[in-house]
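Here is what each chain is made of, one letter per residue.
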Amino acid sequence: MTPYRYIVIVGCGRLGSMLANQLSRQGCSIVVVDRDEAAFRNLSTEFSGFQVTGDAAELAVLRQAKIDQADCLLAATRHDNVNLMVAQVARTVFGVPKVIARVFDPTREEVYRQFEIETICPTQLSANAFLAALQDQSEGTT
Ligand code: AMP
């Protein structure tokens, strides 16, 4: 159970919608932002949050999502540049206390750290999972 009550999620693709559905089920207030209205079809019928259609790189769109009241922002588009920009604005302009961004390029994680943005790197997580699977297999054959 997360302690965060009002969470803005940017990107309603596979990852963003999964996060939105699960956090909504936990009772959090969720606003999902996506520039493509069709992406909201990924939300489950039980999702009880709000949807904002627009480019999250625009301040007006983030304001519409009431980001100034959010205690957490998750940047979950598939674009590192968009995620960095949105996460940076959330931290520096709106002072959102907890900001986590999806970042595919592990070499860019240092940039995010400088802005006090936490990162989740799918590339690193996948590499770890592959290596762990190889480990298990070699253990199974010995
Ligand atoms: P996926 O890679 O399937 O998890 O989807 C990423 C989602 O992020 C898609 O639905 C895109 O429409 C959305 N997206 C990408 N860039 C932006 C942006 N600048 N503002 C809002 N949504 C975006």
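Now for a look at the structure at hand. (Residues numbered from 1 in each chain as written. Predicted model: local features only at pLDDT ≥ 70, side-chain atom pairs only at ≥ 80, totals over all residues. Heavy atoms only, no water.)

**As for the site of the ligand**
Contacts to the ligand come from 16 residues, most closely from Asp34, Arg35, Asp55, Ala56 and Arg78. Arg14 is positioned with one of its backbone polar atoms (N or O) 3.3 Å from an oxygen atom of the ligand. Contact distances for the ligand include 3.0 Å between an oxygen atom and a side-chain N or O atom of Arg78. In isolation the ligand exposes 510 Å². Once the protein is present, 93% of that is buried. More than half of the atoms belonging to the ligand lie within 2 Å of the grid points that define the largest pocket. Looking at side-chain class alone, the shell around the ligand contains 4 nonpolar, 5 polar and 7 charged residues. (Near = heavy atom within 4 Å. Polar contact = N/O pair within 3.5 Å; in protein donor to acceptor, adjacent residues only side chain to side chain. Areas by Shrake-Rupley, 256 points an atom, 1.4 Å probe, with all protein chains shown as cover. 1 Å grid on protein atoms, 1.4 Å probe; cavity = no way out; pocket = protein on both sides within 12 Å on 5 of 7 lines; lining within 4 Å. Sits in = over half its atoms within 2 Å of the grid points. Nonpolar A, V, L, I, M, F, W, Y, C, P; charged D, E, K, R; others polar.)

**What to know about the sheet that holds strand 6 (residues 118-120)**
Strands sit in the order 3-2-1-4-5-6 across an open sheet of 6 strands; the sheet is parallel. Among the strands making up the open sheet, the edge pair consists of strand 3 (50-53) and strand 6. Going from strand to strand, the sheet's axes swing by 20 degrees on average, the running direction of each strand aside. As defined by bridge partners, strand 1 (residues 6-10) adjoins strand 4 (residues 72-75) across 4 bridges and the pair is classed as parallel. Considered in strand 4, the bridge of Ile9 is made with Leu74. Of the strands in this sheet, strand 1, strand 2 (29-34), strand 4 and strand 5 (98-102) touch helix 1 (residues 14-25), which is tilted by about 165 degrees from strand 1. Taken strand by strand, helix 3 (residues 80-92) contacts strand 1, strand 4 and strand 5, and its axis lies near 175 degrees from that of strand 5. (Pairing = 2+ DSSP bridges. Helix = DSSP H or I, 4+ residues; strand = E, 2+ residues; numbered from the N terminus. Axes fitted to C-alpha atoms, helices over the stretch in contact; angles between N-to-C directions. Contact = heavy atoms within 4.5 Å.)

**Here's the deal with the environment of Asp34**
Here Asp34 lies in strand 2. Separated by 64 residues in sequence, Asp34 and Lys98 have C-alpha atoms that sit 20 Å apart. Apart from residues no more than four positions distant in its own chain, Asp34 is found in contact with Gly11, Cys12, Gly13, Ala39, Phe40, Val52, Thr53 and Gly54. Polar contacts involving the side chain of Asp34 include one to the main-chain amide nitrogen of Cys12, which spans 2.6 Å. From its side chain, Asp34 meets the backbone nitrogen of Asp36 in a polar contact 2.8 Å long.

**Points about the side chain of Asp80**
Relative to the elements of secondary structure, Asp80 occurs in helix 3. In this structure Asp80 is buried but unpaired, with Arg108 as the nearest side chain of opposite charge at 4.1 Å. When sequence neighbours within four positions are dropped, the list of residues in contact with Asp80 reads Arg102, Val103, Phe104, Asp105, Arg108 and Tyr112. (Buried < 20%, exposed > 50% of the residue type's maximum accessible area, 1.4 Å probe, protein only. Lys, Arg positive; Asp, Glu negative; His and termini not counted. Salt bridge = Lys/Arg side-chain N within 4 Å of Asp/Glu carboxyl O.)

**Some points on unusual backbone geometry**
In this model, Lys66 sits at a positive phi of 55 degrees, which is unusual for a non-glycine residue. In the Ramachandran plot, Glu116 falls in the positive-phi region, its phi being about 60 degrees despite a non-glycine side chain. With respect to the helices and strands, Glu116 occurs in the loop between helix 4 (109-114) and strand 6. On the accessibility criterion, Glu116 (56% relative accessible area) is exposed.

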